[in-house]
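Breakdown of the fold
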Amino acid sequence: MTTLRPFTCDDLFKFNNVNFDPLTETYGLSFYTQYLAKWPEYFQLAESPSEHIMGYIMGKVEGHMDNWHGHVTALTVSPDYRRLGLAALLMNFLEDISEKKRAYFVDLFVRKSNKVAINMYTNLGYIIYRTILEYYSGDQDEDAYNLATFLSDMRKALSRDVNKKSVIPYTQPITMRELRHQLRHDG
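The rules we used
- Residues numbered from 1 in each chain as written.
- Predicted model: local features only at pLDDT ≥ 70, side-chain atom pairs only at ≥ 80, totals over all residues.
- Heavy atoms only, no water.
- UniProt positions renumbered as here; feature names shortened; annotations may be inferred.
- Core = buried A, V, L, I, M, F, W, Y, C linked by side-chain atoms within 4.5 Å.
- Buried < 20%, exposed > 50% of the residue type's maximum accessible area, 1.4 Å probe, protein only.
- Helix = DSSP H or I, 4+ residues; strand = E, 2+ residues; numbered from the N terminus.
- Phe/Tyr/Trp six-rings, centres within 6.5 Å; stacked < 30°, edge-to-face > 60°.
- Lys NZ or Arg CZ within 6 Å of the ring centre and 35° of its normal.
- Contact = heavy atoms within 4.5 Å.
- Polar contact = N/O pair within 3.5 Å; in protein donor to acceptor, adjacent residues only side chain to side chain.

As recorded in an unreviewed UniProt entry, the protein goes by the name N-alpha-acetyltransferase 20, listed as coming from Drosophila rubida. Here the protein is described in UniProt, under the heading Subunit (unreviewed entry), as follows: "Component of the N-terminal acetyltransferase B (NatB) complex which is composed of NAA20 and NAA25." Looking at the Sequence similarities (unreviewed entry) heading of the UniProt record, one finds this comment for the protein: "Belongs to the acetyltransferase family. ARD1 subfamily."

Moving on to the nonpolar core. Core analysis: the biggest nonpolar cluster contains 40 residues, and Tyr56, Met91 and Tyr121 have the highest contact counts within it. Of all the elements in the fold, those that place two or more residues in this core are α2 (29-38), β2 (43-47), β3 (53-62), β4 (69-77), α3 (86-100), β5 (105-111) and α4 (115-123). Membership of the second largest hydrophobic core comes to six residues, among which are Phe109, Leu151, Ile174 and Met176.

Moving on, we get to the packing of aromatic side chains. Going through the model one piece at a time under the given rule, you end up with 13 aromatic pairs. Aromatic side chains Phe15 and Tyr32 sit 5.2 Å apart centroid to centroid with 85° between the ring planes, which places their arrangement in the edge-to-face category. Here the residue Phe15 occupies a position in the loop between β1 (3-6) and α1 (16-19), and Tyr32 occupies one in helix α2, the gap between them amounting to 17 residues. Assigned by exposure class, Phe15 and Tyr32 land together as buried. Between Tyr129 and Tyr170 the ring centres are 5.1 Å apart and the planes differ by 65°, which places this aromatic pair in the edge-to-face class. With Tyr129 in strand β6 (residues 127-133) and Tyr170 in the loop between β8 (150-157) and β9 (174-175), this pair connects stretches of sequence that are 41 residues apart. A relative accessible area of 9% means that Tyr129 is categorised as buried. Put simply, the rings of Phe7, Phe15, Tyr27, Phe31, Tyr32, Tyr35, Trp39, Phe43 and Tyr56 pair up and form one aromatic cluster. The cationic tip of Arg130 hangs over the ring face of Tyr170; the distance from NZ or CZ to the ring centre is 5.3 Å.

Looking now at the environment of Asp161. Mapped onto the secondary structure, Asp161 falls in the loop between β8 and β9. Judged by relative accessible area, Asp161 falls into the buried class, the value being 6%. Residues contacting Asp161, with those up to four places away along its chain left out, are Tyr104, Ser166 and Val167. In terms of polar contacts, Asp161 uses its side chain to reach the backbone amide nitrogen of Lys165, at 3.0 Å.

Shown next as structure tokens:
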């Protein structure tokens with residue numbers, strides 16, 4: 001049986017088995033501790049009965065007015081525990097917290113090349129909101145959907161966004177410069 005529990009500082013010394021994956025973004029300790037201090041309710045861990053870390057989700061709430069939203073900073077599941085529904089369980093947890101915080105939507109960024117993750121998020125109700133060009137510095141061949149060099153920005157409207165305005169997709173890709181400008185103005 002899987003247990004969801006809050007991520008703790010001690011877990012930072014035990015989660016390498018989950019983080020050593022080419023599609024998992026790994027950050028410095030200060031980044032993780034900043035999230036633990038500011039948004040502890042958004043940082044959850046899935047643990048096996050033998051207390052092995054199976055996966056975790058790290059996120060936050062940000063923005064203002066109708067741009068107030070939950071954001072998935074990192075979601076990863078250990079290769080040994082994939083295809084068990086843990087990612088969906090962790091995503092549902094973050095969405096529930098965001099609902100309680102009265103967020104309009106949840107967003108995340110995913111590498112455009114990560115088709116498995118994009119398919120999973122789509123099955124969870126997320127849409128590709130926009131493509132962000134040159135998101136990852138040094139990786140000229142990778143964009144993101146609100147997530148990588150070509151990155152996909154994926155979103156899912158929550159119950160507060162009755163008219164689903166937060167998920168009307170962009171028709172053209174945007175650059176990192178344009179994204180930074182939007183974030184400065186949208187909060």
